[in-house]
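This is what each chain is made of:
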Amino acid sequence: MAVRSAKPIVLINLFAQIIVFSVQVLFPNRLYDGHVARFLSKLLGLRRVPLTYETEPPHGVILCWHAAVLMQMWCAAMSSKPAVHASLALMEFTYGTLALVICFLYPTTYGSGILLFGALPVLVFAILICSYGRYGVRHLLRLTMGDTSTLQEPKTRKV
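The structure contained in this document is the topic of the report that follows. All values derive from a computational prediction rather than experimental measurement.

1. So, the side chain of N13
Turning to its location among the elements, N13 is positioned in helix 1 (residues 7–26). Using a relative accessible area of 0% as the deciding quantity, one classes N13 as buried. Leave out the neighbours within four places in its chain, and N13 touches M73, L88, E92, F125 and I129.

Printed below as a string of structure tokens:
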């Protein structure tokens, strides 16, 4: 089966991330000390990281990182090329997987409910992008080596 553009899923992903970014900027305590983050921290034994004077500088770094990710998502959403969408999915798989590994290997040192809460939707969108665009592991592995030849949409024949 040939690959195809995953633009609809990438657009939904972009709008969801814009909402999350807006909440991070306007209502950060609802995100950091909200019900979901508290529940996940308690359930899995992860530490809670409320937003305080000591944790504000890392929050600023997270906002800058999230803004950079939003720019890449925006560029992917404006493109219809499968290679661009697959690269976004690869970036999200990398982030989501690393966040899960951190949460489960270092639950009390680096892991937190908010990190896990952020990683799960990112992984879901990466899976949705790959399934909608028909990008498999082979495509993503070849993409890490700079090969986009397997991610070309089939050319339609004009009659």
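Further notes follow.
2. Looking at the packing of aromatic side chains
The final tally for this structure, using the stated rule, is one aromatic pair. A centroid spacing of 5.1 Å and a plane angle of 40 degrees characterise the contact between W65 and Y95, whose relative ring orientation is tilted. With W65 in helix 4 (residues 56–78) and Y95 in helix 5 (residues 82–105), this pair connects stretches of sequence that are 30 residues apart. The class of W65 is partly exposed, set by a relative accessible area of 43%. Just above the ring of Y132 sits the side chain of R4; from NZ or CZ to the centre is 4.3 Å.

3. Looking at the packing of helix 3 (residues 35–44) against helix 6 (residues 113–133)
For the pair helix 3 and helix 6, interaxial distance at closest approach is 8 Å and the crossing angle is 110 degrees. Overall, the two elements helix 3 and helix 6 adopt an arrangement that is roughly perpendicular. Facing helix 3, whose interface residues are V36, A37, L40, S41 and L44, helix 6 presents G113, I114, L116 and F117. Taken together, the residues that form the contact of helix 3 with helix 6 break down as seven nonpolar, two polar and no charged.

4. So, the nonpolar core
For soluble globular proteins, nonpolar side chains are generally found buried alongside one another. Counting 21 residues, the largest nonpolar core has V10, M73, A86, L88, I129, Y135 and L151 as the members making the most contacts within it. Within the residue set of this core, elements represented by two or more residues are helix 1, helix 4, helix 5, helix 6 and helix 7 (137–144). Sorting elements by how many residues they give to this core places helix 4 first, with five residues. Every residue in contact with Y135, bar those within four places of it in the chain, is listed here: V3, R4, S5, A6, P82, H85, A86, I129, C130 and L151.

5. Quick notes on the side chain of H85
With respect to the helices and strands, the residue H85 is situated in helix 5. H85 sits in the buried class, given a relative accessible area of 0%. Not counting the four nearest positions on each side in its chain, H85 is found in contact with S5, A6, K7, V10, A76, S79, S80, I129 and Y135.

What counts, and at which threshold
Residues numbered from 1 in each chain as written. Predicted model: local features only at pLDDT ≥ 70, side-chain atom pairs only at ≥ 80, totals over all residues. Heavy atoms only, no water. Helix = DSSP H or I, 4+ residues; strand = E, 2+ residues; numbered from the N terminus. Buried < 20%, exposed > 50% of the residue type's maximum accessible area, 1.4 Å probe, protein only. Contact = heavy atoms within 4.5 Å. Phe/Tyr/Trp six-rings, centres within 6.5 Å; stacked < 30°, edge-to-face > 60°. Lys NZ or Arg CZ within 6 Å of the ring centre and 35° of its normal. Axes fitted to C-alpha atoms, helices over the stretch in contact; angles between N-to-C directions. Parallel < 35°, antiparallel > 145°, perpendicular 65-115°, else oblique. Nonpolar A, V, L, I, M, F, W, Y, C, P; charged D, E, K, R; others polar. Core = buried A, V, L, I, M, F, W, Y, C linked by side-chain atoms within 4.5 Å.

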